[in-house]
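Take a look at the letters that make up each chain.
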Amino acid sequence: MNEPTPTPPTRKPVRMCVRCHRVTDEPVVVAEVHQNSGPGWNVYACPECAPYFPPVPDVLDLLRGMRRRYEGGAG
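On a predicted model such as this, the values are computed, not experimentally measured, just so you know.

*Asks:* Describe the nonpolar core, and please don't skip the residues or the numbers.
*Replies:* One finds Cys17, Val30, Val43, Ala45, Cys46, Cys49 and Ala50 forming the largest nonpolar core, which totals seven residues. Once residues lying within four places of it in the same chain are set aside, the contact partners of Val43 are Val18, Val28, Val29, Val30, Ala31 and Val33.

*Asks:* Which residues make up a nonpolar patch on the surface, and what values do they have?
*Replies:* A contiguous nonpolar surface patch, about 360 Å² in accessible area, is contributed by Val59, Leu60, Leu63 and Met66. Tracing the sequence through the fold places Met66 in helix 1 (residues 59-71).

*Asks:* Lay out the side chain of Thr24 in plain terms, naming residues and giving numbers.
*Replies:* Along the chain, Thr24 turns up in strand 2 (residues 23-24). Residue classification places Thr24 among the buried positions, given a relative accessible area of 11%. A polar atom in the side chain of Thr24 sits 3.0 Å from the backbone nitrogen of Glu26. Discounting residues that sit within four places of it in the chain, Thr24 has contacts with Pro13, Val14, Arg15, Ala45, Cys46 and Pro47.

*Asks:* Outline the confidence of the model for the chain, supporting the account with residue identities and numerical values.
*Replies:* A residue-level look at the chain finds 92% of positions with pLDDT of 70 or above and a mean pLDDT of 86. For the chain, helix 1 is the element with the lowest average pLDDT, namely 74, and strand 1 (residues 15-16) is the one with the highest, namely 98.

*Asks:* Requested: an account of the pattern of salt bridges, with residues and values cited.
*Replies:* On inspection of all chains with the given rule, the structure shows two salt bridges. Among the ionic pairs, Lys12 bridges to Asp25, the shortest N-O distance being 3.9 Å. In this pair, Lys12 sits in the segment before strand 1 while Asp25 sits in the loop between strand 2 and strand 3 (28-33), placing the two residues 13 residues apart along the sequence.

Scoring rules and cut-offs
- Residues numbered from 1 in each chain as written.
- Predicted model: local features only at pLDDT ≥ 70, side-chain atom pairs only at ≥ 80, totals over all residues.
- Heavy atoms only, no water.
- Core = buried A, V, L, I, M, F, W, Y, C linked by side-chain atoms within 4.5 Å.
- Buried < 20%, exposed > 50% of the residue type's maximum accessible area, 1.4 Å probe, protein only.
- Contact = heavy atoms within 4.5 Å.
- Patch = residues over 30% accessible without salt bridge, like charges linked within 9 Å, V, L, I, M, F, W, Y side chains within 5 Å.
- Areas by Shrake-Rupley, 256 points an atom, 1.4 Å probe, with all protein chains shown as cover.
- Salt bridge = Lys/Arg side-chain N within 4 Å of Asp/Glu carboxyl O.
- Helix = DSSP H or I, 4+ residues; strand = E, 2+ residues; numbered from the N terminus.
- Polar contact = N/O pair within 3.5 Å; in protein donor to acceptor, adjacent residues only side chain to side chain.
- pLDDT = per-residue confidence, 0-100.

Laid out in structure tokens, this is it:
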């Protein structure tokens, strides 16, 4: 009988909070930085500071709103 291969323990993500600059192992995405060329990146906060940031908008919703305004349509 084959024994299951043991999986290595997973490491929790560690990020620095953009507001208080503490290192946290429970990061919350509070912003997304997009680039015209090359990869963008995420901005993180600790769970205590995350409520101070507005929700991250969905980029597709923003584009739909811009298109409606450009075409003169209603929301």
